[in-house]
Structure formats: structure tokens, C-alpha cells
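Breakdown of the fold
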Amino acid sequence: MNLIRKFISCQKPPGFWWGVITVTLLLLPFGTNSYGLSLLTQALIFGILAMGLDILIGYTGQVSFNHATFFGVSAYTTGILFYGGCKNFWLALGSGIAVSVVLAIVLGLLVLRSGGPYFLMITLAFGQMIFALAWRWRSLTGGDDGLPGIARPESGLPAAMENNLYFYYLVLIFFLAVLLALWKFVHSPLGRSIVGIKESESRMQALGYNTFGLKLMAYALAAGVSGLAGVLYVYFTGFISPQELNWTMSGLIILMVIIGGAGTLLGPVIGAAVILVLQNLISSYTDRWPLFMGIIFVLCVMYARNGIFGYFLKLYKGGKNHEGNRS
Amino acid sequence: MKAIEVKDITKKYGGLKVLRHLSLSIAPGERRAIIGPNGTGKTTLFNIITGVTKPDSGKIYVFGKNVTRLSPYHRARLGLARTFQRNNLFFNLSLLDNINLALQVNRSQLKAKDFLENWALYHRKNVKVKELSYGEQRQVELLLALVQSPRLMLLDEPTAGVSQGESRVITEMIQRLPREVTVVIIEHDMEVVFNLADRITVLNRGQVLYEGNREEVRTHPTVKDIYLGAAEEEDI
Ligand SMILES: Nc1ncnc2c1ncn2[C@@H]1O[C@H](COP(=O)(O)OP(=O)(O)OP(=O)(O)O)[C@@H](O)[C@H]1O
Ligand SMILES: [Mg+2]
């Protein structure tokens, strides 16, 4: 343990962790079977989704309870386009993200005026409205049957995506792109100002910040990122149903963010991976996996307030200070 | 042109009339204190001037511009800065990053470090604001307004709850402001008031009870009764 601590806390060249992450994710598929590969792909997709939500929860300080909406409508958009004969990846991707972002701006104009628990309740209500809409609008969405049989895109990409390994690398490219883009974003002036809103919105206004505009921007950004995840998800599973729009899904994404570590980018990704793995492990033994989810959540709240990643980050920084004291 | 003109403002919270047809005007460059008993509507008046609270009726002008319908951030951009009665800071950020956020929105070329160099808290610049002492946080409250280089500053009890020594530090910070900056200060500590203010407005029950210079206020019989007397009793 001490050796590990020493290793993670010693000085490393810039970009070191980026290299580690990239190489690990590039090589991981070779250590697993097809089941593992499928889990990995899902983890990255949900990782993107959770990073998107974390922009709201961890950075802007807004606990939005309808994040599944943006994920779901984008997945539906892709499915509906597919049924309409669109086989092009980029067209589906662009439309999915665009629909999510536009919906977020419209919803945002309505919900972002309220804060705290009201915001949570209103977003939940809107999310359930969209859920009900997908359920009822059978001619477009297939109702509770959903839209089955959505094939991977046939055009726009250099390789055949029916191959799961290729698809994994496609998802990986998007994952790394989102991670890098959000990294740049949270370290930009805009990113710092949304953290200011989390700290004190009224002070931000007193300083001259248009906090409503900033919150709307963050909401749209989070929705766009989730829209991207939605398109990848529907191509991955080939199926979309109202369940992906339901509040249980929104709750699951919130758990991923909080268990992994809100306010960090990698935290939610780790949260997504941990929850997916556990969900798969536990649900093969029992139907009661939500119970276990609850237990893990409580453990996190008790022992790792800042999530799993926050816990390790603390070790890392603690190690650094330790070294500093000795020298 | 006045720095602030408050015209016939009324504000109710439920059945409670907090401000009643209140009018007030303050000239550019003036140092004005607003005093009055607890719960008399001083903070509410600041919130209405800065746009945080909407009045039920009446108008607000800042440097001749009708701002009654403008949002708080628009008013801030006109050069209106404020501090809060209860510390309202970016507690989980360092002092330096607190200042950075204030500079960033004003597209200021100034560096936070260079700004802080001029103030007593410089050596605490890398400390998270929540780890500063209460008195230091009170100074940050003021620094966040100072760094905006405003034309008009509203200070809501800047020395409330701090020690005598810290109160002096904060008073000196306010005195260092360029003379052309208009300062309105709500304050219970009469020593601070008499040190800083040219003119004093006494509020009582949401109305202006009296307005005058230091001497006039010090010797005014009703003011003594309602406010100065009451404050002295509180001290005992
Ligand atoms: N948001 C609100 N909702 C309901 N009542 C309020 C609200 N804000 C203030 N009040 C009431 O309005 C009255 C005036 O409050 P205000 O804070 O303006 O007084 P103040 O003069 O600043 O007092 P203090 O010297 O204690 O700071 C008080 O009775 C207060 O309880
Ligand atoms: Mg007050």
C-alpha cells in the first residue's frame, strides 16, 4: 500500500495520466472475453453520460433529476431516423445531439429559474412527462414495445461497426474526446464561473455575472454530452424503450456521479463502471440489486464523502503533502 | 445627476410593511451612512437598489438611469458593487480564486496577485476562504467589492461581529477608496459611522426618520431616543 501511495504521489511528466488512461483503455479489450468487452463499452458510454450530468451536479451545483431525458430523446431520435431509412452515423449523431440540446434550452428556460429542491422536483416532473409521451406516442416511438432492431450505422465510418471490437474503439474515441473537451471546459473561464455559481449564485450576480445564461449554457452542454451517449447507446444495444427515459434511469446516473465523485471528471466514469459491474454481478444472483446499490451508496456517504475517486484523490494529495513535509 | 435616487419605494412581506414610501437620494462621491434599529428595512433597501428584491412600487435610478426593471447583474455592470451582511463568498475556493472570479467578469487586465499585494490579506492568498477567520472573511467580503473598481459601493454592516482591531482595519480599507467613489454604508457601530460618513440617514419602520450631517444626527433628540439611546442600552 505504501509503495502504491509513493508511486501515485511522485512527480510525473505532464500528460502522464492521460497516457495511462489512453493506453489502459486501448489495451483492456485484449484482456477480456466478449462479455467483458460489452461491459467495457457500456462503462464508457455511461461514463460519458455521467460526466455530462456532473457538469450540472458537481460543477454548477444543480441536481437535475431528468438527465435520462436527454440521453433517451437522442437515442429515440437515432432510432426513429433508422426506421426512416437513415443509416449514416454522422447524421444520426448530429440530430441526436441537436434534439437534446434544443430540448435542454427549452426546458432550461422553464426550470432554471428555480433552485434547490424545487429544481429537482420540476426536472423530475418534466422528465416523467417526456417518459409518458414516449409511452403514448406509439406511432412514433413504438410505445412500451420501444424500437427494436436498430442496426449499427452502415455509412460514415471507415470500418464495419457490427464488429464489437471496432465499435468499442469508436466509443473510446468519443469518450477521450469528451473527457479532453470537458477537461478544457472546466479549466476555462466559463468553467470557473459555473463553479462560482455552485459556491454562491447571488455573489456571482453581484459581481456582474449573468448566472441564468451560464446555467442555461451548462444545462445545454450537459444535455449535448448526454445526447452523444444516447446515440452510442442505441447503436450498442440496438434497442430503445421508454425505460431509458424513466426516472429510475435518471436516478442511476445521479448515483454514478455521486458514488464516483461529483466535481471531478474521472469520478463519474469510475462510478459508472463500478455500478455497471456490480449490477451485472449481483443481478445474476438476485433481483434485489437496487438494495445493494443502496448499501453501496450509504457506505460511500459514510466513508468516502467525495466518492470513490475523491477518496483516492485525497490519498494522492495526502501523499504529496507527506513528501513535502519530509523534504 | 445623482449616484442613487430611490423614489417612493414600498415593499411588503405578507402583511409586514418593510419599506413605506421611502425616498432617498445620494450625490456622486458622497459617503453616506444608513442607520436604524434592527429589522427596519436597511438590508431590504440595499436588496432593492441592487435588484435582488423587487419593490411593490416605486423607482430606482443609478447614475441617472432607471434601473427598476434591470436584473442584479446588469446593475453590477453599471459600476454598482455591494457587500453582504452575512458572508457570501466562494468558500471552497482560495482567496486568489475569489478575486479572480471578480476580475474575470470585468475583463480586467489586473492580476489577482498584484491586487492583493496592496492589502493585509496578501499572505493568506492561497488559503481556502472557508479556512480564514471570520474577521478575515469580512475583509474578503470587502475586497470582492473593491476589486471591481466600482463607482458606487453599498456596504452592509462591513464590521459586524469583528473585533475592535479588525474593525479598524476594515474602516481603513474603506477610507482608502478613491474620493470619487460613492459609498453607502449600513452600520450599527457609531464610531465607524462617524469616521466614514459625511451624511447620515436614519431609518425607522421603513421610513426616513431624519437626514443630516454628523453633528446634527449626534444631537438630534428623536434620533438619540430611537436609535443612539437604544444602541447604548444594547451595549449594556
Ligand atoms: N425575504 C423575506 N421574507 C420575509 N420577510 C423578510 C424578508 N427579508 C426581510 N424580511 C423582514 O423584513 C424586515 C426588515 O428586514 P431587513 O433585513 O431589511 O432589516 P435590517 O434593517 O437590515 O435589520 P438588521 O439591522 O437586523 O440587519 C424584517 O422584519 C425581516 O424579518
Ligand atoms: Mg440588515
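This section reports on the structure supplied with the text. (Residues numbered from 1 in each chain as written. Chains lettered and ligands numbered in written order. Predicted model: local features only at pLDDT ≥ 70, side-chain atom pairs only at ≥ 80, totals over all residues. Heavy atoms only, no water.)

Digging into unusual backbone geometry
What is expected of a backbone is that most residues other than glycine have negative phi and most peptide bonds are trans. Residue and element names in this part refer to chain B. Positive phi, close to 45°, is recorded for Glu157, a residue that is not glycine. When you line up the elements, Glu157 lands in the loop between β7 (152-156) and α6 (164-175). When its relative accessible area of 7% is taken as the criterion, Glu157 is described as buried. Its identity as a non-glycine residue notwithstanding, Arg205 has a phi of 50°, on the positive side. Looking at the element boundaries, Arg205 is found in the loop between β9 (199-204) and β10 (207-213). (Helix = DSSP H or I, 4+ residues; strand = E, 2+ residues; numbered from the N terminus. Buried < 20%, exposed > 50% of the residue type's maximum accessible area, 1.4 Å probe, protein only.)

Points about the sheet that holds strand β1 (residues 4-13) of chain B
Residues and elements named next belong to chain B. In spatial order, the strands read β2-β1-β4-β5; together these 4 strands make up an open sheet with antiparallel pairing. Here the strands that pair on one side only, and so sit at the sheet edges, are β2 (16-26) and β5 (65-66). As paired strands, β1 and strand β4 (residues 57-62) are joined by 5 bridges and run antiparallel to one another. Residue pairing in the sheet places Val6 in a bridge with Ile60 of β4. (Pairing = 2+ DSSP bridges.)

Digging into the interface of chain A and chain B
Facing the 17 residues of chain A at the interface are 21 residues of chain B. For the pairing of chain A and chain B, the buried interface totals around 1,600 Å² over both sides, and the portion due to carbon and sulfur atoms is 55%. When the buried surface of chain A facing chain B is broken down by residue, A:Glu199, A:Arg203 and A:Leu207 rank first, second and third, together holding 42% of it. Linking chain A with chain B are 1 salt bridge. Here A:Arg203 makes a salt bridge to B:Glu141, at a shortest N to O gap of 2.2 Å. Between the two partners, chain A and chain B, sit 12 residue pairs in polar contact (both at pLDDT 80 or more). Those elements that provide at least two residues to the side of chain A that touches chain B are α9 (189-199) and α10 (201-207) of chain A. Counting residues per element, the side of chain A that touches chain B draws most heavily on α9(A), which supplies 7 residues. (Contact = heavy atoms within 4.5 Å. Buried area = accessible area lost by both parts, 1.4 Å probe. Salt bridge = Lys/Arg side-chain N within 4 Å of Asp/Glu carboxyl O. Polar contact = N/O pair within 3.5 Å; in protein donor to acceptor, adjacent residues only side chain to side chain.)

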